[in-house]
Amino acid sequence: MCPKHDKPLELFCKTDQTCVCILCTVLDHKMHDVVPLKEGYEGKKAELETETQQMIQKRQLKIEEIKHSVDLSKEEADREIAEGVQVFSALKESAERGQANLINTIKEKQKTTENQAEDFIKELEQEISELKKRSSEVEQVTHSEDHLHLLQRFMSLKVAPPTKDWTKVSIHSSHEGAVVRAVVQLEETFSEEMKKLLEAELKRVQKYAVDVTLDPKTAHPKLILSRDGKQVSHGDVTKNLPNNPERFSDGLCLLGKQSFSSGRFYFEVQVKGKTRWTVGVARESINRKGTVTLGPRWGYWTIWLRNGNEYKADDPPVLLSLKSQPQKVGVFVDYRRVWSPFMT
């Protein structure tokens, strides 16, 4: 019943999307699109069924998308496992070869020492035998009562048999440092393998390289951009530029024109000769006004250089140990959100 006119609700107003009585159509819904209640019911029923089917289809598509993502993830996982097994097998073989070489080297050195010692011992035993023979002859002569015979043999017995001066002879064999040298050599091998691995990884991510152009609409007024939008430098003068929503007001930052909603992308930034820089990616929804606070909590994923040689990754800051100053910095992203290249 219509609460206003106390009449049966026999009609449906498409304009106001409500059930009405006959008096309502005359008084309140005169210019509206009004149909019989059954027709309105059928329309709403079809609308609900269509909406429900669309929701089901969307979820079925999402299931297929998730399954496809799992398949791709499994393929990538299998590929990474295969590469990992190959790399670690090579490293294991290098370690085993290094261990075998170490053991063989030490054993060969020890065998050489033992052979040398054996030769010295044989030579000493030979000299001892000769000296014992001489001692026996001397004893025989000294116990003889034949003084003439003693005097005649004295000169020959006085001359000692030829012997070596053993005071400067010794066995010098030290295995100290052998393990350290073997480990250093193994480390060099590992470094070469790691270098090859990193080069292969770099080639892999470079397949996703994109052309990034800096966006002047986002640049802080003190930043100077090249005409082609590929270079930026810090200026001393604050330019009079429109304070549009995209522009950074306080932080000396800017974004790339390109943004990416999903998938993978890679770009490189030339930092040679720079003493201070920040490079990475940022959410497109970041606040450009006021102080810029770096870190994932605020929508920034970056690495940076401060104080000439202090390299860090942000939030929480992690100190990066580099052997030399980088000429270029590469950024690789694989994520399902909207990102934009970020620089400061």
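Shown above is the structure to which this text applies.
Residues numbered from 1 in each chain as written. Predicted model: local features only at pLDDT ≥ 70, side-chain atom pairs only at ≥ 80, totals over all residues. Heavy atoms only, no water.

### Some points on the packing of aromatic side chains
Alright, step 1. With the rule as written, the count across this model stands at four aromatic pairs.
Alright, step 2. A ring pair is formed by Phe-260 and Phe-265, whose centres lie 4.1 Å apart and whose planes are at 20°; its orientation type is stacked.
Alright, step 3. Relative accessible area serves as the criterion here: at 1%, Phe-265 is assigned to the buried category.
Alright, step 4. Here the aromatic rings of Trp-277 and Tyr-311 are separated by 6.1 Å at their centres, their planes lie at 50°, and the arrangement is tilted. Highlighted residues: Trp-277 in strand S8 (residues 277-283) and Tyr-311 in strand S10 (residues 310-313), separated in sequence by 34 residues. As far as the burial class goes, Trp-277 and Tyr-311 line up, both buried.
Alright, step 5. Counting every residue linked through ring pairs, the aromatic cluster contains Phe-260, Phe-265 and Phe-267. (Phe/Tyr/Trp six-rings, centres within 6.5 Å; stacked < 30°, edge-to-face > 60°. Buried < 20%, exposed > 50% of the residue type's maximum accessible area, 1.4 Å probe, protein only. Helix = DSSP H or I, 4+ residues; strand = E, 2+ residues; numbered from the N terminus.)

### Notes on the side chain of Arg-306
Alright, step 1. Inspection of the secondary structure puts Arg-306 in strand S9 (residues 300-306).
Alright, step 2. Glu-310 is the oppositely charged side chain nearest to the buried, salt-bridge-free Arg-306, at an N-O distance of 7.4 Å. (Lys, Arg positive; Asp, Glu negative; His and termini not counted. Salt bridge = Lys/Arg side-chain N within 4 Å of Asp/Glu carboxyl O.)

### Quick word on the side chain of Arg-247
Alright, step 1. Assignment of secondary structure puts Arg-247 in the loop between strand S5 (232-234) and strand S6 (254-255).
Alright, step 2. Here Arg-247 occupies a buried position and makes no salt bridge, while the nearest side chain of opposite charge, Glu-246, is found at 7.1 Å.

### Here we look at the pattern of salt bridges
Alright, step 1. Taken as a whole and judged by the stated rule, the model has nine salt bridges.
Alright, step 2. Arg-264 is the partner of Asp-334 in a salt bridge, and the nearest nitrogen-oxygen pair spans 3.0 Å. Taken together, the residues span a long stretch of sequence, with Asp-334 in strand S12 (residues 328-334) and Arg-264 in strand S7 (residues 264-270) at a distance of 70 residues.
Alright, step 3. The partner of Glu-310 in a salt bridge is Lys-312, with the nearest N and O atoms 3.6 Å apart.

### Side note on the pairing of S10
Alright, step 1. Residues Tyr-311 and Ala-313 line the buried face of S10, whereas the alternating positions Glu-310 and Lys-312 sit on a face that is not buried.
Alright, step 2. As defined by bridge partners, S9 adjoins S10 across four bridges and the pair is classed as antiparallel. Note on S10: the bridge partner recorded for Arg-306 is Glu-310.
Alright, step 3. Bridging between S10 and strand S11 (residues 318-320) involves three bridges; their strand directions are antiparallel. The partner of Ala-313 across the bridge, within S11, is Val-318.
Alright, step 4. Connecting S10 to the antiparallel partner S11 that follows it, the hairpin turn spans four residues, and Asp-315 within it adopts a positive phi of roughly 50°. (Pairing = 2+ DSSP bridges.)

Without other data, these values stay purely geometric and don't point to any function.
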